[in-house]
Amino acid sequence: MNQQSFALNISPDIGAVTAAYIVPEKRIGLVTLTHGAGAGMDHPFMTTLANALSAVGIITLRFNFPFMENKKKRVDVPAVAHQTIEAAVHHAHEAFPSLPLFVSGKSFGGRMSSQYLSLNPIPYVRGIIFYGFPLHPAGKPSIDRAEHLKAVSIPMLFLQGTRDELATLSLVEDLCSKLATATLVKIEGADHAFKAGKQDTIKPLADNTIDWMNNLLNIVDSKHDN
């Protein structure tokens, strides 16, 4: 595998952000891997997950949101976050046009990615992977942040810790049961940061991602064959 860093141009007004591909020799698909509100693309969780995904044959494109690139504490407004995700998705498709493309994100990054796709469906995006969907603020159970998911028609994989303080498990289970394209995988004992004592949660995240992706691609390919 090798890492390829570059500047991802978003728009003349917003400018560019740091981005990087990790490209394994064996390539099954690729994902845009978007960071959360509290840490950027080079946070250990992001780099460790990207390497684990690479080990199972998934190319990753990590990138910073402008607020993180410019070391600001307040996250970008949705319009800016959406433009950044759009630029990443288009770059990934142009770089590897023959590979199936998925979007994914940790917490805020996943929510912004699904918001963008709910408003701007892209035919070549095969699905969305949430590494901890932030369903509500800590201590304030709600499902308001998931309202836009009703407008997402592509498959969605929710990888959720059973102790996630930003996603009460019963609410996540109920939400996924009502979304026709949702698959829920629970990471036992993990919190929102996917910490679960001494348990390695990164490998299950990568393994469940590739299993879901392979299953989905087999289903899609068989439909195309018919």
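Scroll up a little and you will see the structure.
Overview of the structure. (Residues numbered from 1 in each chain as written. Predicted model: local features only at pLDDT ≥ 70, side-chain atom pairs only at ≥ 80, totals over all residues. Heavy atoms only, no water.)

**Structural notes on the environment of Ala20**
Here comes step 1: Tracing the sequence through the fold places Ala20 in strand β2 (residues 15–23).
Here comes step 2: Residue Ala20 is classed as buried on the basis of its relative accessible area, which comes to 0%.
Here comes step 3: Each C-alpha atom, one on Ala20 and one on Lys186, is 29 Å from the other, the two residues being 166 residues apart in sequence.
Here comes step 4: Beyond its immediate sequence surroundings of up to four residues, Ala20 is in contact with Gln3, Gln4, Ser5, Phe6, Met41, Thr60, Leu61 and Arg62. (Helix = DSSP H or I, 4+ residues; strand = E, 2+ residues; numbered from the N terminus. Buried < 20%, exposed > 50% of the residue type's maximum accessible area, 1.4 Å probe, protein only. Contact = heavy atoms within 4.5 Å.)

**Comments concerning the layout of surface pockets**
Here comes step 1: Counted as a void, the largest pocket has a volume near 420 Å³.
Here comes step 2: Taken together, 25 residues line the largest pocket, and the ones lying closest to its centre are Gly36, Lys106, Ser107, His192 and Ala193.
Here comes step 3: Mapped by element, the contributors of at least two residues to the lining of the largest pocket are α1 (44–55) and α4 (108–119).
Here comes step 4: Taken together, the residues of the lining of the largest pocket sort by class into eleven nonpolar, nine polar and five charged. (1 Å grid on protein atoms, 1.4 Å probe; cavity = no way out; pocket = protein on both sides within 12 Å on 5 of 7 lines; lining within 4 Å. Points joined across faces, edges and corners; volume = space filled by probe spheres on them. Nonpolar A, V, L, I, M, F, W, Y, C, P; charged D, E, K, R; others polar.)

**Structural notes on the nonpolar core**
Here comes step 1: Among the nonpolar cores identified, the biggest contains 44 residues, and Leu117, Val125, Ile128, Leu149, Met156 and Phe158 are the most heavily contacted of them.
Here comes step 2: The element that contributes the greatest number of residues to this core is helix α3 (residues 78–95), accounting for six residues.
Here comes step 3: Not counting chain neighbours up to four residues away, the residues in contact with Met156 comprise Ile128, Phe130, Leu149, Leu179, Thr181, Ala182, Thr183 and Trp212. (Core = buried A, V, L, I, M, F, W, Y, C linked by side-chain atoms within 4.5 Å.)

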